[in-house]
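# Report on the structure
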Amino acid sequence: MKIAFSSLALPKSGALAVTVAAGAKLGSFGAELDERTGGLLGRSMKAARFSGKADETLTVLAPNGVEINRIVLVGIGNPADATQLTAGNAGATVVAGLLTSGETELSIASDAHEGLTVPAAEFAAELAFGALARGWRFERYKTKTPEEKKPTLTRITLLAGEAKAAKKAWERLEKVADGVFLAREVVSEPPNVLYPESFAERCAALRDLGLEVDVLDEKRMRKLGMGALLGVGQGSAKPPRLVVMRWNGGKPGDQPIAFIGKGVTFDTGGISLKPGLNMDDMKWDMAGAGAVYGLMAALAGRKAKANVVGIVGLVENMPDGNAQRPGDVVTSMSGQTIEILNTDAEGRLVLCDAMWYCQQEFKPKFMIDLATLTGAIIVSLGNEHAGMFANNDELSEKIARAGQATGEKVWRMPLAPAYDRDIDSDIADMRNIGSPGKAGSITAAQFLARYTNGVPWAHLDIAGTAWSKADKGVVPKGATAFGVRLLDRLVADNYEG
Ligand code: BES
Ligand code: MN
Ligand code: ZN
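Each chain has its residues counted from 1, following the order in which its sequence is written. As a convention, the first chain written is A and the first ligand written is 1, with the rest following in written order. For a predicted model such as this one, the threshold for reporting local features is a pLDDT of at least 70, and the threshold for listing and counting side-chain atom pairs is 80 or more; totals across whole chains, interfaces and linings nevertheless cover every residue. Heavy atoms from the whole structure form the basis of all side-chain values; hydrogens and water molecules are not counted.

Keep in mind that water is not among the atoms, so a site may look incomplete; donors are the N, O and S atoms within 2.8 Å of the metal, or 3.2 Å for Na, K and Ca. Only Lys 262 (NZ), Asp 267 (OD), Asp 285 (OD) and Glu 346 (OE) from the protein coordinate the zinc ion (ligand 3), and they sit 2.0 to 2.4 Å from it. Every angle between 85 and 135 degrees makes a four-donor site tetrahedral, while opposite donors more than 155 degrees apart, with all other angles between 65 and 115, make a four-donor site square planar and a six-donor site octahedral; other sites are irregular. In this structure, the zinc ion (ligand 3) is coordinated by six donor atoms arranged in octahedral fashion, with angles at the metal of 78 to 174°. All donors to the zinc ion (ligand 3) come from one chain, and their sequence spacing reads K-x4-D-x17-D-x60-E. Between the zinc ion (ligand 3) and the manganese ion (ligand 2) the interatomic distance amounts to 3.1 Å, and Asp 267 serves as a bridging ligand to the pair. In this pair, Asp 285 is assigned in the loop between strand E10 (257-267) and helix H9 (287-301) and Glu 346 in the loop between strand E13 (337-339) and helix H10 (347-362), connecting sequence segments 61 residues apart. Given the relative accessible area of 1%, Glu 346 is considered buried. Numbering of helices and strands runs from the N terminus, with a helix taken as a DSSP run of H or I at least four residues long and a strand as a DSSP run of E at least two residues long. Throughout, exposure labels follow a simple rule: accessible area from a 1.4 Å probe, protein chains only, divided by the maximum for the residue type, with under 20% read as buried, over 50% as exposed, and the rest as partly exposed.

Here's what the structure looks like:
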C-alpha cells in the first residue's frame, strides 16, 4: 500500500472518504463537496439517519457533479472528544469497507472541524496509520484467493490542510507501522517456519536498520549458566537461541532501557502436555518476543534518541525422551534453583534467565518484559487490557499513560509477599507454579520478581491481547503486535532527549 499526502482538493478518481463530526456536521471541505453534488451528502445523511458518531460510515455511490466513484462519510463523533485513536479508528473503518471493493485508489479528507484539539497534521497522520494498519494482511500461504476477495486498494492519499506537516508527522508513524507489521508477521508465521533459529535470523536481518544484533547459541548459554531457559528447550529438536538487539540512538554511555520478550515458538506444554483443542494457538506463544522485535525495528527505523536493548529468549517447548520432567530441579543463571512442577509453566523459566543476563550485561535503567505468560490473565482481564505488574510506581504510571494514548491498554495487578510465599519449594529455592487455580498470573509475576534484583521492572502479561479473534479498530483479526505501539510511545514520551 502506498501512502501519500496532498492538499485538501477534490480528487478526480477513485473513492473519497470525508470525516464528519457528531450532529452530521461537515467540515469546510465536506460542505463544499455537498454543494458541488447538489446537496447529496446532506440528503443522504438525513435519509440514512447518519449522525457522525465515531466509526459510523455511509457510502454514497456514483455521485453526480464529481468524477470520483463514491464518497464514504466517516464519523469522528464530537471533535472536542476526538483523540489520535479516533483518527486511527476512522481511517481503519474506511479501509475495512473498501479494501476488497474493487477500488484501487482512496483519498481520505482529514477535514477541518471546529473544536478539534488534536493538531490537524497529527490527525491526518493517524488517519493514515489506521488505514494502513487495518489493511494489512498475512497471505503468504494463500495460493487460491478468489479475485473478489483479493485486496484491490493500492494507494491511499491523505488530503489535509497542512499536508506538509502531516507528511512530517507520518514519517515517524510509518516506521512504527513497519515495526507493527514485522511483529504481526512473525506472530502469524506457522511454527514449522518460525522456530528459534529462523526467528533469530529474522532478528539478525534488522542489522540493515542499524541495530547491533548478537545471537547466542546453546553453547554460549550453557557457559553463562542459563539452566532454566535451556531446560525448556531440551525436549525440542530445534535448538534454542537468545537474541540481543541494541539500538544506540541516545547519548554514548547513557544507561540503556531494556525490553525482554518471551519467545516460545511453540508451546505444547512439554511433558505436562496441553490438551489438543486449540493447541495450535500456541504458535503465538512468542508474541512477547515478536513485540520486542517489532519495537526495536520501529525505534531504529525512526532513529529514536535513546539507548535501547531488546532481548528475546527463543525456545520450543516439546515433549520428548530428552524433555525435562515434572520434578526436575534446574539452576538458573542467577544461581537460584527451581523445582519444575509443571513443564507447561515454561515462559517464566525462559524469562528469568533472559532478565538476569540483561542486568548483568547492560545495567539497564529499567526492564520491561512482555509475555503470553498465563491463561489466568485472560480469566482476569479478557482481551481488553494486558496485565501489568511492576515494582516501580513511576514506570507503571508511564506505561499506563502510553496505553491510554495508543489504545494498547494495561491494567495494573498486585504483587505481594503472601503470593511470593506460594512459590517456595520444599527442595529448591522456588517452584515454577503456585497453588493450582489461585492467582496464577500473580504467582507467575512473583516468580519473575525474584530475578529483578532491585532494578525498576514491569511485566506485561499479554496472553489475552496478543491475538484477536475479530477485526478491532486498527487491528485486523489475528496477530495484534500488542506492545509495539505502546512501548514506542513510552520511549517517545519519556526517554528521548
Ligand atoms: N503459553 C501459556 C499461556 C497462554 C495460555 C497463553 C493461553 C495464551 C493463551 C503458558 O506457557 C502456560 O501454559 N501457562 C500455564 C501456567 C500453569 C501451568 C501454571 C497456564 O496458564 O495454564
Ligand atoms: Mn506453557
Ligand atoms: Zn507458554
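The discussion continues.
Cavities and pockets were defined on a 1 Å grid built from protein atoms only: a cavity is a group of points that admits a 1.4 Å probe but offers it no way out, a pocket is an open group of points flanked by protein on both sides within 12 Å along at least five of seven lines, and a lining residue is one with an atom within 4 Å of any such point. Grid points are joined across faces, edges and corners, and a volume is the space filled by probe spheres set on the points. In this model, the second largest pocket occupies a volume close to 660 Å³. Taken together, 24 residues make up the lining of the second largest pocket; nearest its centre are Trp 136, Arg 137, Phe 138, Glu 139 and Lys 477. Take the lining of the second largest pocket: its biggest share by element is three residues, from helix H3 (residues 84-98). Charged residues are taken to be Asp, Glu, Lys and Arg, nonpolar residues to be Ala, Val, Leu, Ile, Met, Phe, Trp, Tyr, Cys and Pro, and polar residues to be all remaining types, Gly included. Its residues placed into classes, the lining of the second largest pocket shows ten nonpolar, five polar and nine charged. Those domain boundaries reflect an automatic or database domain assignment. Mapping the lining of the second largest pocket onto the domain boundaries places at least three of its residues in each of domain 1 (2-162) and domain 2 (178-494).

Once that is clear, we can look at the sheet that holds strand E11 (residues 307-317). Taken in spatial order, the eight strands of this open sheet run E8-E9-E11-E10-E14-E18-E15-E16, and their pairing is mixed. Two strands close off the open sheet at either side, each with one partner strand: strand E8 (212-216) and strand E16 (410-412). Within the sheet, the average angular offset between the axes of one strand and its neighbour, ignoring direction, is 20°. The rule for pairing is simple: two strands pair if DSSP sees at least two bridges between them. Sheet analysis places strand E15 (residues 386-390) next to E16, joined by three bridges and oriented parallel. The partner of Ala 386 across the bridge, within E16, is Val 410. For every element, the axis is a line fit to its C-alpha atoms; helices are fit only across the contacting stretch, and the angle between N-to-C directions ranges from 0 to 180 degrees.

Our next topic: the coordination of the manganese ion (ligand 2). Protein coordination at the manganese ion (ligand 2) comes from Asp 267 (OD), Asp 344 (O), Asp 344 (OD) and Glu 346 (OE), with a distance range of 2.1 to 2.2 Å. Around the manganese ion (ligand 2) sit six donor atoms, and with donor-metal-donor angles ranging over 70 to 167° the site reads as irregular.

So, on to the pairing of E15. The element E15 is extensively covered by neighbouring structure, given that five of its five residues are classed as buried. What you see with E15 is no split at all: Ala 386, Met 388 and Ala 390 on one side and Gly 387 and Phe 389 on the other are buried throughout. Pairing of E15 with strand E18 (residues 457-461), which is carried by four bridges, proceeds in the antiparallel orientation. Within E18, the residue paired with Met 388 across the bridge is Leu 460.

As a further point, take empty space enclosed by the protein. A probe as big as a water molecule, rolled over the atoms, marks out the empty space that is left. Under the counting rule described, the total for this entry stands at one cavity of 30 Å³ or more. There is about 30 Å³ of room inside the largest cavity. Contributing to the lining of the largest cavity are Gly 231, Val 232, Gly 270, Ile 271, Asn 317, Met 318, Ala 323, Gln 324 and Thr 343.

Quick look at the packing of helix H6 (residues 196-204) against H9 now. With their axes 10 Å apart at the nearest point, H6 and H9 run at an angle of 15° to one another. The pairing of H6 with H9 is recorded here as roughly parallel in orientation. Here the hand of the crossing between H6 and H9 comes out left-handed. Residues Phe 199, Arg 202 and Cys 203 of H6 lie in contact with H9, whose contacting residues are Ala 289, Gly 290 and Tyr 293. To sort the angles, those under 35 degrees are grouped as roughly parallel, those over 145 as roughly antiparallel, those from 65 to 115 as roughly perpendicular, and the leftovers as oblique. By the definition used in this description, the sense in which the near helix is turned from the far one sets the handedness, with an anticlockwise turn below a right angle giving left-handed and a clockwise turn giving right-handed. Whether two residues are in contact is decided by their heavy atoms, any of which lying within 4.5 Å being enough.

In this section: the site of ligand 1. What surrounds ligand 1 is a group of 17 residues, the closest being Lys 274, Asp 285, Asp 344, Glu 346 and Gly 375. Two N or O atoms count as a polar contact when they lie within 3.5 Å, although within protein this holds only if one can serve as hydrogen donor and the other as acceptor, and sequence-adjacent residues are included solely when both atoms are side-chain atoms. Between an oxygen atom of ligand 1 and a side-chain N or O atom of Asp 267, the distance comes to 2.9 Å. Asp 285 has a polar side-chain atom sitting 2.8 Å from a nitrogen atom of ligand 1. All accessible areas in this document rest on Shrake-Rupley with a 1.4 Å probe, and a residue is counted as covered only by the protein chains that are shown. Protein chains bury 77% of the 510 Å² of accessible surface belonging to ligand 1 in isolation. A single heavy atom is enough: if one lies within 4 Å of a molecule or strand, its residue is considered near that molecule or strand.

So, about the pattern of salt bridges. Counted as salt bridges are all cases of a side-chain nitrogen of Lys or Arg within 4 Å of a carboxyl oxygen of Asp or Glu. All chains considered together, the criterion is met by 28 salt bridges. The shortest N-O distance in the salt bridge between Glu 171 and Lys 168 comes to 3.3 Å. A residue pair is termed a helical-turn pair when its members lie 3 or 4 positions apart in one helix, as Glu 171 and Lys 168 do in helix H5 (residues 163-188) at three residues. A salt bridge links Lys 274 to Asp 267; the shortest N-O distance between them is 3.9 Å.

A separate point is the sheet that holds strand E12 (residues 329-331). A sheet is described by the order of its strands in space; here three strands give the open sequence E12-E13-E17, paired in mixed fashion. Each edge of the open sheet carries a strand with a single partner, namely E12 and strand E17 (430-431). Relative to E17, E13 runs parallel, the two being bridged by two bridges. Bridge pairing in E17 links Glu 339 to Arg 431.

For the chain, the assigned domains read domain 1 (2-162) and domain 2 (178-494). Each of domain 1 and domain 2 has a C-alpha centre, and these two points are 38 Å apart. Contacts between the two partners involve 14 residues from domain 1, matched on the other side by 20 residues from domain 2. Counting the surface lost from both domain 1 and domain 2, the interface buries some 1400 Å², and carbon and sulfur atoms represent 62% of this. It is Leu 85, Arg 134 and Trp 136 that lose the most area in domain 1 upon contact with domain 2, and together they represent 42% of the buried surface on that side. Note on definitions: buried area is the accessible-area loss of two parts on being combined, 1.4 Å probe, summed for both.

As used in this record, nonpolar core signifies buried Ala, Val, Leu, Ile, Met, Phe, Trp, Tyr and Cys residues forming a set joined through side-chain atoms within 4.5 Å. Residues Leu 106, Phe 259, Ile 368 and Ile 399 are the most contacted members of the largest nonpolar core, which totals 98 residues. Taken domain by domain, this core gets at least three of its residues from each of domain 1 (2-162) and domain 2 (178-494). Excluding anything up to four places from it in sequence, Leu 106 contacts Ala 15, Ala 17, Val 94, Val 95, Leu 98, Leu 153, Arg 155, Ile 156 and Thr 157. Of all hydrophobic cores here, the second largest spans 40 residues; its members include Met 221, Ala 228, Val 264 and Ile 340.

By the criterion of burial, E10 is predominantly enclosed, with eleven of the eleven residues buried. Taking the sense of rotation as the criterion, the β-α-β connection linking E10, H9 and E11 turns out right-handed. Two strands pair when backbone bridges link them, and E10 and strand E14 (residues 367-371) are joined in this way by four bridges, in the parallel orientation. If you follow Gly 261 over to E14, its bridge partner there is Leu 370. When the strands point away from the viewer, a crossover counts as right-handed if the route from the first strand across the helix to the second turns clockwise.

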